[in-house]
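Chain by chain, the residues:
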Amino acid sequence: HEEHYEPKHYAPTRVNDPTNLLLACARCNGGGGKGDYHPNHLHRHRGNKTTHGFHIIDVREDDFGQLMTLDSSGRLQARPGDSRDRVEWNIVFLKLNLAGVPERRRTLLRMRDAGEGLVLKSRNGDEHRAFEVMADIVADHLLFFEVLNLPLSEALRAELVARRDAGRASHHSDR
């Protein structure tokens, strides 16, 4: 699903403008997401007394890995620095630590760690099947690792990219 960085209501000519589109899952893009918030339209801030004018973090311009880190529970935390207040506000406003999401991140990190151990081992028997299942799931979430600059070995990254691209190709051929 796509999310409009500047809301459709305020930028109707930019509804299909690629520079105004962001990726968002259906859950995040639905009710309770950022809604029609945008600092250029102060009268539409969620919470009428909001005066900070923070911008939503934009994956095209902001380096999430420099702005945020994951703690051991999978919760996003703002890194120290000039953007800390803005990042903390984004985490709360966009519900980036919504119940269940940190646990999902922690699971993906554990799967990545398991994949690192399996990618270089023999591809026979149970290890091969475990790797196949893990790699398919992690490949579907490769953007998560890329956006947060989370480390992946070259071997695992190559395997995941190949799986992701093969999945896209088969999805397009099914149409």
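Residues numbered from 1 in each chain as written. Predicted model: local features only at pLDDT ≥ 70, side-chain atom pairs only at ≥ 80, totals over all residues. Heavy atoms only, no water.

This brings us to the overall build of the chain. Secondary structure assignment for the chain yields seven helices and four strands. Along its sequence from the N terminus, the chain presents helices and strands in the succession β-β-α-α-β-β-α-α-α-α-α. Buried positions account for 35% of the 175 residues belonging to the chain. Here the contacts in the chain between residues at least 6 apart in sequence split such that 54% fall between residues at least 24 apart. Accessible surface for the chain amounts to roughly 10,600 Å². Of this, 53% is attributable to carbon and sulfur atoms. (Helix = DSSP H or I, 4+ residues; strand = E, 2+ residues; numbered from the N terminus. Buried < 20%, exposed > 50% of the residue type's maximum accessible area, 1.4 Å probe, protein only. Contact = heavy atoms within 4.5 Å. Areas by Shrake-Rupley, 256 points an atom, 1.4 Å probe, with all protein chains shown as cover.)

Turning our eyes to something else, we now look at the pattern of salt bridges. Under the definition given, this model contains 10 salt bridges. Arg 112 serves as the salt-bridge partner of Asp 113, at 3.0 Å between the closest nitrogen and oxygen. When the shortest N-O distance is used, the salt bridge between Asp 136 and Arg 163 registers 2.7 Å. Linking Asp 136 in helix H5 (residues 125–139) with Arg 163 in helix H7 (residues 154–173), this pair joins segments that are 27 residues apart in sequence. Each of Glu 132, Asp 136, Glu 159 and Arg 163 takes part in salt bridges that share partners, so that together they form one network. (Salt bridge = Lys/Arg side-chain N within 4 Å of Asp/Glu carboxyl O.)

Turning our eyes to something else, we now look at the packing of aromatic side chains. Here the structure, examined in full by the defined rule, presents one aromatic pair. Both rings, one in Phe 144 and one in Phe 145, keep their centres 4.9 Å apart while their planes meet at 75°; by these two values the pair is edge-to-face. Both residues of the pair, Phe 144 and Phe 145, count as buried. (Phe/Tyr/Trp six-rings, centres within 6.5 Å; stacked < 30°, edge-to-face > 60°.)

The next thing to look at is helix H4 (residues 101–119). Taking 1.5 Å as the rise per residue, H4 with 19 residues should run 27 Å; its terminal C-alpha atoms sit 26 Å apart, in good agreement. For H4, every residue scored as buried is listed here: Pro 102, Arg 105, Leu 108, Leu 109, Met 111, Arg 112, Gly 115, Leu 118 and Val 119. (Expected span 1.5 Å × (residues − 1).)

Counting 28 residues, the largest nonpolar core has Met 68, Phe 144, Phe 145, Leu 148 and Leu 160 as the members making the most contacts within it. Of all the secondary-structure elements, those providing two or more residues to this core are helix H2 (64–67), strand E3 (68–70), strand E4 (76–78), helix H3 (84–93), H4, H5, helix H6 (142–147) and H7. Ignoring anything within four residues of it in the chain, the contact list for Leu 148 reads Phe 64, Gly 65, Met 68, Leu 70 and Leu 76. (Core = buried A, V, L, I, M, F, W, Y, C linked by side-chain atoms within 4.5 Å.)

The next point concerns H3. All of the buried residues along H3 are Arg 86, Val 87, Trp 89, Asn 90, Ile 91 and Phe 93. In this structure, the buried residues of H3 make contact with H2, E3 and E4. After H3 finishes, the residue Lys 95 shows a positive phi value of roughly 55°.

Mapping Asn 97 onto the fold places it in the loop between H3 and H4. A distance of 3.0 Å separates the side chain of Asn 97 from the side chain of Arg 105, its partner in a polar contact. Every residue in contact with Asn 97, bar those within four places of it in the chain, is listed here: Gly 74, Arg 75, Leu 76, Ile 91, Pro 102 and Arg 105. (Polar contact = N/O pair within 3.5 Å; in protein donor to acceptor, adjacent residues only side chain to side chain.)

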